[in-house]
Amino acid sequence: MNSPAADRARYDRATAHLDAPLAIVDLEAFDANADDLVRRAGGKPVRVASKSVRCRALLERVLARPGFAGIMSYTLAESLWLARSGFEDVLLAYPSADRAGFGELANDAKLAAAVTVMVDDPAQLELIDGARDGGGEEIRVCLELDTALRLLGGRIRVGALRSPLREPAQLAALARTVAARPGFRVVGLMAYEGHVAGVGDALAGRPLRSRAIRLMQGAARRELAARRAEVVAAVRAVVPDLEFVNGGGTGSVQQTAAEDAVTEIAAGSGLYVPRLFDNYTSFSGRPAALFAQPVVRRPGVGVVTVLGGGYPASGAAGPDRLPVPYLPQGLRYDPQEGAGEVQTPLLGSPADDLLIGDRVWFRHAKAGELCERFDTLHLVEGDRVTESVPTYRGEGRTFL
């Protein structure tokens, strides 16, 4: 692995012929991260979370590698687009109210065979049936299990507010409802433990908080492993030919893969390794996706101003949702301005070595959201851009 200074020089050389702002993906780091995900999955296939990639060329690249199989998508419109593009196994990870999309799905045998939709409420089945527009294709269905850890009799909840289905009997009941309804078939079960997979447990300068997170995550893993096994058994009693049980996320790949009940792992952010994935004891990846902003002003000693850069990530607002100035190392935001809409002042001694037109390289807080700001990803190998490929936005697709 190169030093940060060597990487900066390499990225500057590779993109010298391009004007910033621009975004790159370091293919050596991307491929190394892919290999690490496969290693941690321990022989179980990794389903790629498309929201963390948002680039068809890179989805194709990773799915061509051994150990990866299928896509986990985030909207029905995206799912149908990917299926039309030739991806044959697309699991929609969130329920949808896209009536036009369900009409297309129910009227196209190829799409219906490729796309699996998420259901956690019989009302969603009613919506799909009401949108069929005469289409009789069987709809592939995945059920979602609530993974949250509940303490003190449920008065404390740790985990995302997702599915209302928590207990084995609830999942089995919905499986029976789907099985009894013409035009639907349960093929999978999903359980995303975001409070384990998506929360870092090694926060810099916060040892007590980090220890508390590790204790919580250990308890959550044990509770979920036992409950997930019971849920899978209950659903398989209704649907013996269940095709897959999906679990995990970048931060919990090896722990989730160790569960016998789980047949595949979901991961995506671990390919790009954004800043929110720096604080884990379970793995360390290589930053692969970066963006560069040009220096356009030098307001004084120890400060430069770059164009744009205010690209906050989704989630609860806070400093950890901002991109981080990455290269050269040692730059920080002005606390009065932060990451600006059209300009961003950066403070620190490295600013004095930067000239007008030089680049500052940033890492986004999240993975795929970077691609909502750029229409092109320049793929870097060594110190050359070997290909420039469109993001979803570059193909005119903005699904959310």
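Use the structure listed above.
An account of the accompanying structure is given in this report. (Residues numbered from 1 in each chain as written. Predicted model: local features only at pLDDT ≥ 70, side-chain atom pairs only at ≥ 80, totals over all residues. Heavy atoms only, no water.)

Observations concerning the packing of aromatic side chains
Moving on, step 1. Taken as a whole and assessed by the stated rule, the structure comprises 10 aromatic pairs.
Moving on, step 2. An angle of 45 degrees between the planes, with centres 5.6 Å apart, marks the rings of Trp81 and Phe399 as tilted. You can see Trp81 sitting in helix H4 (residues 76-84) and its partner Phe399 sitting in the segment after strand E19 (384-390), a full 318 residues away along the chain.
Moving on, step 3. Look at Trp81 and you get buried, because its relative accessible area is 7%.
Moving on, step 4. An angle of 85 degrees between the planes, with centres 5.9 Å apart, marks the rings of Tyr311 and Phe374 as edge-to-face. Of this pair, Tyr311 sits in the loop between strand E13 (303-307) and strand E14 (324-327) while Phe374 sits in the loop between strand E17 (359-363) and strand E18 (376-381), and the two are 63 residues apart along the sequence. The pair formed by Tyr311 and Phe374 is uniform in burial state, with each residue classed as buried.
Moving on, step 5. Cluster of aromatic residues (ring-pair linked, three or more members): Tyr74, Trp81, Tyr392 and Phe399. (Phe/Tyr/Trp six-rings, centres within 6.5 Å; stacked < 30°, edge-to-face > 60°. Helix = DSSP H or I, 4+ residues; strand = E, 2+ residues; numbered from the N terminus. Buried < 20%, exposed > 50% of the residue type's maximum accessible area, 1.4 Å probe, protein only.)

As for the sheet that holds strand E6 (residues 139-144)
Moving on, step 1. In spatial order, the strands read E2-E3-E4-E5-E6-E9-E10-E11; together these 8 strands close into a barrel with parallel pairing. Across this sheet, the average inter-strand angle for adjacent strands is 30 degrees, counted without regard to direction.
Moving on, step 2. In terms of strand pairing, strand E10 (residues 244-247) meets strand E11 (residues 264-267) through 2 bridges, oriented parallel. In the sheet register, Gly247 faces E11, and the bridge partner there is Ile265.
Moving on, step 3. Its contacts with the sheet place helix H3 (residues 56-63) against strand E2 (46-49) and strand E3 (68-73), and it is angled at close to 145 degrees to E3.
Moving on, step 4. Across the sheet, helix H8 (residues 168-179) touches strand E5 (115-119), E6 and strand E9 (184-191), and the angle it forms with E6 is around 170 degrees. (Pairing = 2+ DSSP bridges. Axes fitted to C-alpha atoms, helices over the stretch in contact; angles between N-to-C directions. Contact = heavy atoms within 4.5 Å.)

Concerning the pairing of E17
Moving on, step 1. Within E17, 5 of the 5 residues are buried, which leaves the element mostly enclosed by the surrounding structure.
Moving on, step 2. Burial along E17 is two-sided: Arg359, Trp361 and Arg363 facing one way and Val360 and Phe362 facing the other are all buried.
Moving on, step 3. The sheet contact formed by strand E12 (residues 289-300) and E17 spans 4 bridges and is antiparallel. Within E17, the position partnered with Phe291 by the bridge is Phe362.
Moving on, step 4. As judged from the 3 bridges shared by E14 and E17, these two strands associate in the antiparallel manner. Residue pairing for E17: Val324 is matched across the bridge by Arg363.

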